[in-house]
Amino acid sequence: MKIGLVCPYSFDVPGGVQAHVRDLAAELIRIGHEVSVLAPADDDGSLPPYVVPAGRAIPVPYNGAVARLSFGPVSANRVRRWIREGEFDVLHVHEPIAPSLSVLACWAAIGPIVGTFHMSAERSRALSVAYGILQTALEKISARIAVSEHARTTLVEHLGGDAVLIPNGVLVRNFRDAVPFEGWPGEAPAVGFLGRIDEPRKGLQVLLASLPELAVAHPGLRLLVAGPGDVDEVRETIPSEHRDRVTFLGLVSEADKSRMLASLDVYVAPNTGGESFGIVLLEAMAAGAPVVASDLDAFRRVLADGTAGALFVNEDAQSLAKVVGQVLSDPETSHRLKAAGTARVAIFDWERVAQEIVTVYETVTLGQPKVREDSRGQVFGRFTRLKEA
């Protein structure tokens, strides 16, 4: 099957949607499909061979973070050319409500289109208003997928309709055999964090606030932090007596991310909100690290309501320290969480999840012609209307 995947966010910047598209493409190719990914990106030679760069993206505040999006006449032309040349059996657009390539692809194409919705948001007036603009794009989608119950609820409440639930996946094999960094975890316990370090909703500040209490029970405890952001600014927020116990890795490659997670005695996800899923929890479990996470609804679902990982009270540093301390102090609890995490993550293995997505492809392509360019010039008409709105 010839499959066209559209990622709305810059492919050369880390993010959950980008990781989802990348891993889905890799698994689809592995099982024999022909895949092309269109995404905003600089063509600097570092992209996977299946990615077609659609040019530079513009940073825009979006859903509590800064998203790098691509929209406008130039992007629209690139979308149309990619569709024309691709001759895809199915077009799979991700986050079609984001003002970027996915919505442009829906406007530009006719034929079998699958849309995956990732975003989780409270009721939003902006999204409700945008529905009038997005409606003609959404109407072209043949089948909808939501990666979580929260993403599905956002879709139903803001845009109407429904979606089949197919979760984010994780390439378990890439984490299962990862080799820890030299000297980690070591004799003293090692705790880890992965995410943008200066984005408040990722919660690193909550974890750092727990260090003084954790250090009382575990004097040698070390914290391994990976992710982009201003290290100097964050380091200044750490009490001087605890700065030496924190190691910042910065932005890491996929291979080093696996090694980082394999280097931990406990992985901590202190995120404070805005999460529709929690792919990093699955990655940590796949690497064999017991997980401790804030009690967000999305994290509760991933961790089977605390069975596959321990939960603490959101934004409560004392609660975090207490739960992490319990896991570090009790080998039986640590072993139980590792075993439960290994069993839980198997449900989300891309080898399984990709097959569920392929089943959706087969449903929408049965007896249908290939994806082709919409001869009515929908993209330009809709872009003009958007500028006027």
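It should be noted that the structure appears before, not after, this text.
Worth saying up front: this structure is predicted, and the values here are computed from it rather than measured.

### Focus: the overall build of the protein
Counting its regular elements, the protein contains 16 helices and 17 strands. Its C-alpha atoms give the protein a radius of gyration of 22 Å, near enough to 21 Å, the size a compact globule of 389 residues would have. Here the protein, with 389 residues, has 55% of them falling under the buried criterion. Pairs at least 24 residues apart make up 72% of the contacts formed inside the protein by residues separated by at least 6 positions. Entry remark: accessible area of the protein is about 16,500 Å², with carbon and sulfur atoms responsible for 50%. With 38 positive and 47 negative side-chain charges, the protein shows a separation of 6 Å between the mean positions of the two kinds.

### As for the sheet that holds strand β16 (residues 310-312)
Pairing in this open sheet of six strands is parallel, and the strands run β13-β12-β11-β14-β15-β16 from one edge to the other. Looking at which strands have only one partner, the edges of the open sheet turn out to be β13 (246-250) and β16. Taking the axes of each pair of neighbouring strands and ignoring which way they run, one obtains an average angle of 25° across the sheet. Pairing geometry for strand β11 (residues 190-194) and strand β14 (residues 266-269), over two bridges, is parallel. The residue of β14 that forms the bridge with G192 is Y267.

### Some points on the packing of helix α2 (residues 73-86) against helix α3 (residues 101-108)
At a closest axis distance of 9 Å, the pairing of α2 and α3 adopts a crossing angle of 55°. Viewed along their axes, α2 and α3 adopt a mutual orientation that is oblique. Between α2 and α3 lies a crossing whose hand is right-handed. Along its contact with α2, which presents S75, A76, V79, R80 and I83, the element α3 presents L101, L104, A105 and A108. A class-by-class count of the residues in the contact of α2 with α3 yields seven nonpolar, one polar and one charged.

### Brief notes about the pattern of salt bridges
Within the structure shown, the criterion is met by 21 salt bridges. A salt bridge links E275 to R201, with the nearest nitrogen and oxygen atoms 3.4 Å apart. One end of the pair, E275, is in the loop between β14 and α11 (279-286); the other, R201, is in the loop between β11 and α7 (204-209), and 74 residues separate them in sequence. What makes E275 buried here is its relative accessible area of 16%.

### A few points about the packing of aromatic side chains
Under the counting rule described, the total for this entry stands at three aromatic pairs. Ring geometry for F71 versus W107: centroids 6.3 Å apart, planes at 75°, classification edge-to-face. Of this pair, F71 sits in the loop between β5 (65-69) and α2 while W107 is found in helix α3, placing the two residues 36 residues apart along the sequence. You can call F71 partly exposed: its relative accessible area is 25%. Judged by its relative accessible area of 1%, W107 falls in the buried class. Taken together, a centroid distance of 5.8 Å and an interplanar angle of 65° make the contact between F277 and F348 edge-to-face.

### Thoughts on helix α14 (residues 331-345)
In this model α14 runs 21 Å from its N-terminal to its C-terminal C-alpha over 15 residues, within 8% of the 21 Å that 1.5 Å per residue would give. Along α14, the residues that are buried comprise T333, S334, L337, G341 and V345. Down the axis of α14, the buried side of the element spans an arc of 100°, and every buried residue falls inside it. Seen from the open side of α14, the exposed residues pointing more than 90 degrees away from its buried face are P331, E332, H335 and A343. Buried residues belonging to α14 abut α6 (172-176), α11, β15 (291-294), β16 and α13 (317-329).

### Here we look at the sheet that holds strand β9 (residues 143-146)
The strand order across the open sheet formed by seven strands is β3-β2-β1-β6-β8-β9-β10, and the pairing between neighbours is parallel. With partners counted over all chains shown, the strands left at the sheet margins are β3 (51-53) and β10 (164-165), one partner each. Of the strand pairs in this sheet, strand β1 (residues 2-6) and strand β6 (residues 90-94) are connected by four bridges, and their pairing is parallel. When the bridges of β6 are listed, V6 appears paired with V93. Lying over the sheet, α3 contacts β1, β2 (34-39), β6 and β8 (113-117), oriented at roughly 150° with respect to β6.

### Thoughts on the pairing of β14
Along any regular strand the residues' side chains alternate between the sheet's two faces. The two faces of β14 match: V266 and V268 on one face and Y267 and A269 on the other face are all buried. One ladder, built from three bridges, connects β14 with β15; its direction is parallel. Paired with Y267 across the two strands is V291, which belongs to β15.

### Here's the deal with the side chain of H94
When you line up the elements, H94 lands in strand β6. On the accessibility criterion, H94 (0% relative accessible area) is buried. Excluding its chain neighbours within four sequence positions, the residues that come into contact with H94 are L5, V6, P8, V17, H20, V21, L24, S102, T116 and H118.

### Quick look at the packing of helix α1 (residues 16-30) against helix α15 (residues 350-365)
Remark: α1 packs on α15, axes separated minimally by 10 Å, with the N-to-C direction vectors making an angle of 80°. The pairing of α1 with α15 is recorded here as roughly perpendicular in orientation. Here H20, D23, L24, E27, L28 and R30 of α1 lie close against α15, whose contacting residues are W350, E351, A354, I357, V358 and Y361. Residue composition of the contact of α1 with α15, by class: seven nonpolar, one polar and four charged.

The rules behind each value
Residues numbered from 1 in each chain as written. Predicted model: local features only at pLDDT ≥ 70, side-chain atom pairs only at ≥ 80, totals over all residues. Heavy atoms only, no water. Helix = DSSP H or I, 4+ residues; strand = E, 2+ residues; numbered from the N terminus. Rg over C-alpha atoms; globule rule 2.2 N^0.38 Å. Buried < 20%, exposed > 50% of the residue type's maximum accessible area, 1.4 Å probe, protein only. Contact = heavy atoms within 4.5 Å. Areas by Shrake-Rupley, 256 points an atom, 1.4 Å probe, with all protein chains shown as cover. Lys, Arg positive; Asp, Glu negative; His and termini not counted. Charge placed at Lys NZ, Arg CZ, Asp CG, Glu CD. Pairing = 2+ DSSP bridges. Axes fitted to C-alpha atoms, helices over the stretch in contact; angles between N-to-C directions. Parallel < 35°, antiparallel > 145°, perpendicular 65-115°, else oblique. Left-handed = near helix turned anticlockwise from the far one by under 90°. Nonpolar A, V, L, I, M, F, W, Y, C, P; charged D, E, K, R; others polar. Salt bridge = Lys/Arg side-chain N within 4 Å of Asp/Glu carboxyl O. Phe/Tyr/Trp six-rings, centres within 6.5 Å; stacked < 30°, edge-to-face > 60°. Expected span 1.5 Å × (residues − 1). Arc of directions from axis to C-beta.

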